[in-house]
Every structure is written in C-alpha cells, then in structure tokens.
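Chain by chain, the residues:
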Amino acid sequence: MADIIRLLPDHVANQIAAGEVVQRPSSVVKELMENAIDAGATEIQLIIKDGGKTLIQVVDNGKGMSGTDARLSFERHATSKIQKAEDLFNLNTKGFRGEALASIAAIAHVEMLTKTEDDEIGTKIKIEGSKIVTQEVVVAPKGTSMLVKNLFFNIPARRNFLKSDQVEYRHIADEFHRISLAHPQVAFNFYNNGSDVFQLPGTDFRKRIVHIFGRKTDEKLVPVEEETHVVKISGYIQKPEFAKKSRGEQFFFANNRFIKSPYLHHAILGAFEGLIRPGTHPGYFLNLEVDPGTIDINIHPTKTEVKFDDEHTLYAMLKSTVKHSLGQFNVVPALDFEQDQNLDTPYSYKNKQVGIPQVVVDSSFNPFETVQPSKGNSGGGSYSKPKVDGWENLYVGLENTVDNGASHLEFESEVVNSSIFDDEREVLDHTTTTFQMRKKYIITTIKSGMVVINQSRAHQRVLYENFLKNITIKEAVSQQLLFPLTLSFSTSEINILKEIKENLCTVGFVFGEITEDGVEISGVPVLVVESEVQMIMEQLISDFQQEVPGDSFSQSDMLAKTLAKTLSVKTGETLDELSQVKLVNDLFACKETTLSPFSKKVYITITENDIERKFI
C-alpha cells in the first residue's frame, strides 16, 4: 500500500490556523493592538473602514523591528515572546503563540511598515495570501504600522458569513474598550470611516473608565482594593441602583489581560445579593493580579478563557472584597432592628452631663376662663370667645325646610378601571364566556369546545402587530411628558439610540437633545408608563447589541418585538372579564393568531370529543 500521509504546505496550514485565530475583523484588531502593546508603545492609533472588512490599520510608536525580524514575523510559530516551554508558566506579554500574523497574512492583503530607533531606514513588506509580493527599504518613523485590507478575500464563504458593517463595528469597539481599559497608561485614538470615535489620553484607571463610558459614570463607581498572598484585587464596582438588565459593563482583567469568567461573575452577583433586582447585572471593572505560574491562558487562541490554580479561594476573596467595599462606602444600609433610633444620642450632646429637667407649671391657669378685654385697648386687646345663647335652636325645623332640588342632583362617580384596555369597551361581546386560570391562561368557549390562551403571548402578538403597523404607517399617538426625562447612557449606547431614533419616533417616542452621555425624552407612546421608559430603553439597547440587524425592516421588526415583550401583560397579572374578552377579540383579529412574535404557540384548542374521551 502506498504512503498517503503528507505534510501540508505552509499556506494551507496557515489558512487552517486562521480559522481559529481570525474569526472576524475584531480578532485582527485584538491581535494587532496587543502586538503594539507588547512592543512598548505609548500611543496607538486604530483606523477601520466598513466594519473592518475593507481596512484595518494599527499604528504604534513601539520599538519596531529590523528587516530580518519583519520578514520572519509572518512565519508560523515565530515569536519573540517565549523561547522554551517553561516560559509558558511565566507569561508577561499578550501574545506568545506566534500564529497571529501568519494567520492574518494567509487570508488578507497585508502591508507592514516598521523601523527601530537605532536603524536609519525602515522596512516595508507586502503580503497577499501568505505570498510575499514585495520587500523594500523605505523611510519610516520609529514604530510599526500594520495595514490589513480585504479580509477573507480568498475564502468567499467566510466573507459572506460576516455580519453587517454596524455589527462588525460594535465587535471592534468592544475589543477596543477591553484593551484600552486594560492599559490606561497608553494613549489610544480610534477612527471609523474617517471620523473620530475616541481620543483617549494616557491617564489612570478611573479616568479611562469615564472617558469611555461617559461623565455620568464617575458618580456610579465604588473603589475596590484588597491585597493578599494569593491575589491583589483593585478596580471599581458600580452602585446597586445602576444595575442593568443587559450585560455590557462587566470587565475582568487578569494580569492586565481581559478574561471571561462566569464563575467569578457569580461571585460578584453573590456580593450584590439582596441589593439589586432579580435578573439585573451590576457593572464592574476589576483587575486581578496573580502569580503568572498559577494561571493558564493557553486554552484557546483568543486567550479570553483562563484557568486558575485555586478558583475557590479566588471566588471567596472576590466576593468578600466586593461586600466589604459596598459596606465601607455606605452603599449597603446598616440596619439594627433591636435598637430604637429615637434613643440615639446626638454627637453634640455626647459629653454633656445628664440632669433632671426643670419644668415650671402654672397651677392657676384655666383654659375655659373668659378673659375680659382691658379698657382703653381697642386695637390689640385680648381675645374673648363669643357666647351664643340658645344654640340648640339653630337645628330646629331643618326637617321641614323647603326642598331646593339638592336631593335630585346627580354626581359623577369615579370609575374604577382595572383593565389594561381603555378603548372600545362598549363594543365587547358580553355573550362570550371567559375565565382566567392561575393568572396565566384565559379559557374561552367556541362551538367545538374551548380554547386555552396564554395571556402574555397573546398580548405580545396584539402589541407586535400594532407597533409594526404604526412604524409602517407612521401614525403613532404620543403622550407628552410634563417634565422631560433625562436618561444617561454610555457612548456606544448613545450611538445605538441614534441609529434607531427614527423608528422610535414612529412608535410614539419624542426626543429632545441627545448629548454624548445622555438623551432627553419629552414624549412616550400611549401604552408606556413613564417609570418604565428607562427599562424599555435598556432592553432595546441590549437586544440591538446582541442581534443588531442591518436593514431598516429588521430594525423595525426587532423594535416592535422588544416593545411588545416589554409592555405585554405578564404571567401573574389579574385581568377583569372585560379585559379578557377584549384580549381574545383582539387576538383573533390579528393576521397571525397561532404564534407569538417569538414563534411560540399562543393557544391550544380542546374539542368536545377530547373532553368526552377523558370520561371513557
């Protein structure tokens, strides 16, 4: 039998590795920016076009590379970070695998311009699909400039599966946030399609957080600081009242490297237990410094998943440290149910001697005694209570008084309306029999049997079609707020609101001024309660961050779904009979009655035959 195993060519091996290392444009941004930081750069520029599909450029002022190093850096497993296997247990750099540049060069057009401080001239290399096109000597400043164009040009399937420019841009922005937060001492500039996005000067950690997430973030932060022989914990957590339903401002950094750890996130949630609403997530920006030998980051090429030697100890320390900070800065209320607060001694009386209180009583004082006004004092004399003789006679004959018509007056009584529907109450079919079961299902009769309707999903379908109709026809009704609401958001969240503002206006929202860290809302849709506006906006932003649609129809569809889900009747709410009938009638007036907007069954039908079979 002939030998069939052969070594793969380098360019094929590089393309295979690229499938793990380069998942989307944000992966290229991460690798190039981490290389710039490893090179000792103090200023880094990130330039992208069309969500990174057309252009990604990272320019730094680091130490640069010689001509030989520049050429060798594109080979697989070529790196300056480690030399032997033992170095994996003492990593102080971002990269060490030596796969990033080789993988990027295999699936894109790459241009590198680099120069060291000692060299008089620099090196320029052009590579297309792992093939070196040119290598020449050029004039260049100190540092390195990496230009990546036409990502996945030779893998059409991967390129076709990339999301829209907005989605890819947000993934790049997330990577930019993570790296810039991990290294606040480095200055970063971010340009997207020729416009400035971020200009971040080198500063401390707190100011870097404020620069990225807005000025309002500063008042939300609570410092965290603890140092033990196992770990040094530092950073900031957000106050419990600013917890959000969406997860977007949770950052763990282990040895200045962003990591994802659901286990440690659970420790933070445990520290906030009882302080935040269920289903919400607190924000935090925490740095963990551990011995490099006790952490393994060589699990996945993205290096965001790590393993700690003693995770249980780390969990307990993190939880107790956060709890301590919440108590130290009076975020947690101190309650003592055994002590009456009225008995607490004020600080100003702490050192005073206790004595018997001196009380003087006028034993001759009579409150019922009539005081006669003094003579010659007509203006400001004492007041005497007038005496009325025969006051009993005032009520004699009232029963015989002439009826002036007051007994026939009709007064408008206040209507108690517990219904969620306020209009068209007079056209309801009162012959329909409905029954609410366990505050979750509405049961109604039909000719062939009965229908069991999930009230929440049915209301979602009704609201979804109404909102979609309003967005399409642009005839939504808005109620003006007496006092406009001002909501604070981060820069990335404000950008999302600007994208969907037009569709929000067609639903009934009225916007005022939109600043870098806040938005003013002066009108809301009729069904929206003022107290729910913040929650609705956060839910909208969360949904768009996760799925971000590309075209306007998808945006309208997602907006209608989110509003319907947020404003619909929830399980556990009691509906009166009129509301039940109205919901049933509105459901069967919809174009689609069987499924909710999220493709879940709305109702089931139980026929009379099905019931009869149960009694056989």
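None of these values were measured; they are calculated from a predicted model.

## So, the overall build of the protein chain
Part 1 of the argument: A tally of regular secondary structure across the protein chain gives 15 helices and 22 strands.
Part 2 of the argument: Out of the 616 residues belonging to the protein chain, those deemed buried represent 42%.
Part 3 of the argument: Roughly 36,500 Å² of accessible area belongs to the protein chain as shown, and the carbon and sulfur atoms make up 51% of that amount.

## Some details on the environment of Gly274
Part 1 of the argument: Looking at where Gly274 falls in the secondary structure, it is placed in the loop between helix H8 (262-271) and strand S13 (284-289).
Part 2 of the argument: Note on Gly274: relative accessible area 72%, which makes it exposed.
Part 3 of the argument: Taking the C-alpha atoms as reference points, Gly274 and Pro240, separated by 34 residues in sequence, lie 9.6 Å from one another.

## Quick look at empty space enclosed by the protein
Take a probe with the size of a water molecule and roll it over the atoms, and the empty space left behind shows itself.
Part 1 of the argument: For the structure shown, the criterion picks out two cavities of 30 Å³ or more.
Part 2 of the argument: Volume-wise, the second largest cavity comes out at about 60 Å³.
Part 3 of the argument: Taken together, 13 residues form the lining of the second largest cavity, with Phe213, Thr217, Lys220, Phe489 and Ser490 sitting closest to its centre.
Part 4 of the argument: In terms of residue class, the lining of the second largest cavity is made up of two nonpolar, five polar and six charged.

## Topic: the pattern of salt bridges
Part 1 of the argument: Applying the stated criterion across every chain yields a total of 14 salt bridges.
Part 2 of the argument: Arg206 serves as the salt-bridge partner of Asp218, at 2.8 Å between the closest nitrogen and oxygen. Residue Asp218 is located in the loop between helix H7 (205-213) and strand S9 (221-227), and its partner Arg206 is located in helix H7; the two are separated by 12 residues in the primary sequence.
Part 3 of the argument: What makes Arg206 partly exposed here is its relative accessible area of 24%.

## Structural notes on the sheet that holds strand S12 (residues 258-259)
Part 1 of the argument: Strand order across the open sheet formed by five strands is S9-S10-S13-S11-S12, with mixed pairing between neighbours. With partners counted over all chains shown, the strands left at the sheet margins are S9 and S12, one partner each.
Part 2 of the argument: In this structure, strand S11 (residues 250-254) lies alongside S12, joined through two bridges in antiparallel fashion. Counterpart to Phe253 in the pairing with S12 is Phe258.

## Some points on unusual backbone geometry
Part 1 of the argument: Phi is positive for Asn255, which is not a glycine, with a value near 55°.
Part 2 of the argument: As for its placement among the helices and strands, Asn255 is situated in the loop between S11 and S12.
Part 3 of the argument: According to the relative accessible area criterion, Asn255 is partly exposed, its value standing at 26%.

## Concerning the confidence of the model for the protein chain
Part 1 of the argument: For the protein chain, per-residue confidence averages 80 on the pLDDT scale, and residues scoring 70 or more make up 79% of the total.
Part 2 of the argument: Scored below 50 in pLDDT, residues 416-430 shows 25 contacts in the model against residues more than four places distant or in partner chains.

## Considering the packing of H8 against helix H9 (residues 311-328)
Part 1 of the argument: With their axes 8 Å apart at the nearest point, H8 and H9 run at an angle of 30° to one another. Here H8 runs over H9; the crossing is right-handed. Side by side, H8 and H9 meet where Tyr263, Leu264, His266, Ala267, Ile268, Gly270 and Ala271 of the first sit next to Glu311, His312, Leu314, Tyr315, Leu318, Lys319, Val322, Lys323 and Leu326 of the second.
Part 2 of the argument: Grouping the amino acids of the contact of H8 with H9 by side-chain chemistry returns 10 nonpolar, three polar and three charged.

## Observations concerning the packing of aromatic side chains
Part 1 of the argument: Within the structure shown, the criterion is met by 16 aromatic pairs.
Part 2 of the argument: Between the NZ or CZ atom of Lys565 and the centre of the ring of Phe598, over which it lies, the distance is 5.8 Å.

## Observations concerning the pairing of strand S16 (residues 434-437)
Part 1 of the argument: Only one face of S16 is covered, namely the one carrying Thr434 and Gln436; the face carrying Phe435 and Met437 has none of its residues buried.
Part 2 of the argument: Inspection of the sheet shows S16 paired to strand S17 (residues 441-446) by four bridges, in the antiparallel sense. By the bridge assignment, Thr434 is partnered in S17 with Thr444.
Part 3 of the argument: Hairpin connection between S16 and S17: a loop of three residues separates the two successive antiparallel strands, and Arg438 in this loop has a positive phi of roughly 55°.

## Quick word on the pairing of strand S21 (residues 518-525)
Two faces belong to every sheet, and in a regular strand the side chains alternate between them.
Part 1 of the argument: When you tally the buried positions in S21, you get seven out of eight residues, the bulk of the element.
Part 2 of the argument: Here strand S20 (residues 510-514) folds back onto S21, and the loop between the two strands holds three residues.

## Digging into the sheet that holds strand S6 (residues 143-149)
Part 1 of the argument: Reading across from one edge, S5-S4-S3-S6-S2-S1-S7-S8 is the order of the eight strands in this open sheet, with mixed pairing throughout. Each of the sheet's edge strands pairs with one partner strand only, and the pair in question is strand S5 (131-138) and strand S8 (195-200). The sheet shows a mean angle of 10° between the axes of neighbouring strands, taken without regard to direction.
Part 2 of the argument: Examined bridge by bridge, strand S1 (residues 43-49) and strand S2 (residues 55-60) share six bridges and lie antiparallel to one another. Following the sheet pairing, Leu46 is matched in S2 by Val58.
Part 3 of the argument: The strands touched by helix H2 (residues 25-38) within the sheet are S1, S2, S6 and strand S7 (187-192), with S2 carrying the most contacts at an inclination of about 10°.

## Some words on a negative patch on the surface
Part 1 of the argument: Together, Glu117, Asp118, Asp119 and Glu120 make up a region of like negative charge exposed at the surface.
Part 2 of the argument: With respect to the element layout, Glu120 can be found in the loop between strand S3 (109-115) and strand S4 (122-128).

## Some remarks on the side chain of Thr593
Part 1 of the argument: By the secondary structure assignment, Thr593 is in the loop between helix H14 (577-587) and strand S22 (603-607).
Part 2 of the argument: Taking relative accessible area as the criterion, Thr593 reaches 16% and is therefore assigned buried.
Part 3 of the argument: Look past the residues within four positions of Thr593 in its chain and what remains in contact with it is Leu587, Phe588, Val602 and Tyr603.

## Re the environment of Lys232
Part 1 of the argument: On the secondary structure map, Lys232 appears in strand S10 (residues 232-238).
Part 2 of the argument: Once the C-alpha coordinates of Lys232 and Glu289 are considered, the two residues, 57 residues apart in sequence, prove to be 5.0 Å apart.
Part 3 of the argument: Here Lys232 is in contact with Glu225, Glu226, Glu227, Asn287, Leu288 and Glu289, once residues within four sequence places are set aside.

## Some thoughts on the nonpolar core
Part 1 of the argument: In this structure, Leu32, Leu46, Phe74, Val148, Leu181, Phe188 and Phe190 are the most contacted members of the largest nonpolar core, which totals 54 residues.
Part 2 of the argument: Ranked by the residues each element gives to this core, the list is headed by helix H6 (residues 165-182), at seven residues.
Part 3 of the argument: The residues touching Phe190, leaving out its near neighbours within four places in the chain, are Leu46, Ile48, Tyr169, Ile172, Ala173, Phe176, Ser195, Asp196, Val197 and Phe198.
Part 4 of the argument: Ranked by size, the runner-up nonpolar core spans 33 residues in total, among them Leu463, Leu504, Val519 and Val524.

## Quick look at the packing of H6 against H7
Part 1 of the argument: Where H6 meets H7, the axes come as close as 9 Å, and the angle between the chain directions of the two elements is 160°. The angle between the axes of H6 and H7 places the two elements in the roughly antiparallel class. H7 is crossed by H6, and the crossing has right-handed handedness. Contact with H6, carried on its side by His177, Ser180 and Leu181, involves Phe205, Arg208, Ile209, Ile212 and Phe213 of H7 and no other residues of that element.
Part 2 of the argument: Residue classes in the contact of H6 with H7 are distributed as five nonpolar, two polar and one charged.

Rules used in this analysis
Residues numbered from 1 in each chain as written. Predicted model: local features only at pLDDT ≥ 70, side-chain atom pairs only at ≥ 80, totals over all residues. Heavy atoms only, no water. Helix = DSSP H or I, 4+ residues; strand = E, 2+ residues; numbered from the N terminus. Buried < 20%, exposed > 50% of the residue type's maximum accessible area, 1.4 Å probe, protein only. Areas by Shrake-Rupley, 256 points an atom, 1.4 Å probe, with all protein chains shown as cover. 1 Å grid on protein atoms, 1.4 Å probe; cavity = no way out; pocket = protein on both sides within 12 Å on 5 of 7 lines; lining within 4 Å. Points joined across faces, edges and corners; volume = space filled by probe spheres on them. Nonpolar A, V, L, I, M, F, W, Y, C, P; charged D, E, K, R; others polar. Salt bridge = Lys/Arg side-chain N within 4 Å of Asp/Glu carboxyl O. Pairing = 2+ DSSP bridges. pLDDT = per-residue confidence, 0-100. Contact = heavy atoms within 4.5 Å. Axes fitted to C-alpha atoms, helices over the stretch in contact; angles between N-to-C directions. Left-handed = near helix turned anticlockwise from the far one by under 90°. Phe/Tyr/Trp six-rings, centres within 6.5 Å; stacked < 30°, edge-to-face > 60°. Lys NZ or Arg CZ within 6 Å of the ring centre and 35° of its normal. Patch = residues over 30% accessible without salt bridge, like charges linked within 9 Å, V, L, I, M, F, W, Y side chains within 5 Å. Lys, Arg positive; Asp, Glu negative; His and termini not counted. Charge placed at Lys NZ, Arg CZ, Asp CG, Glu CD. Core = buried A, V, L, I, M, F, W, Y, C linked by side-chain atoms within 4.5 Å. Parallel < 35°, antiparallel > 145°, perpendicular 65-115°, else oblique.

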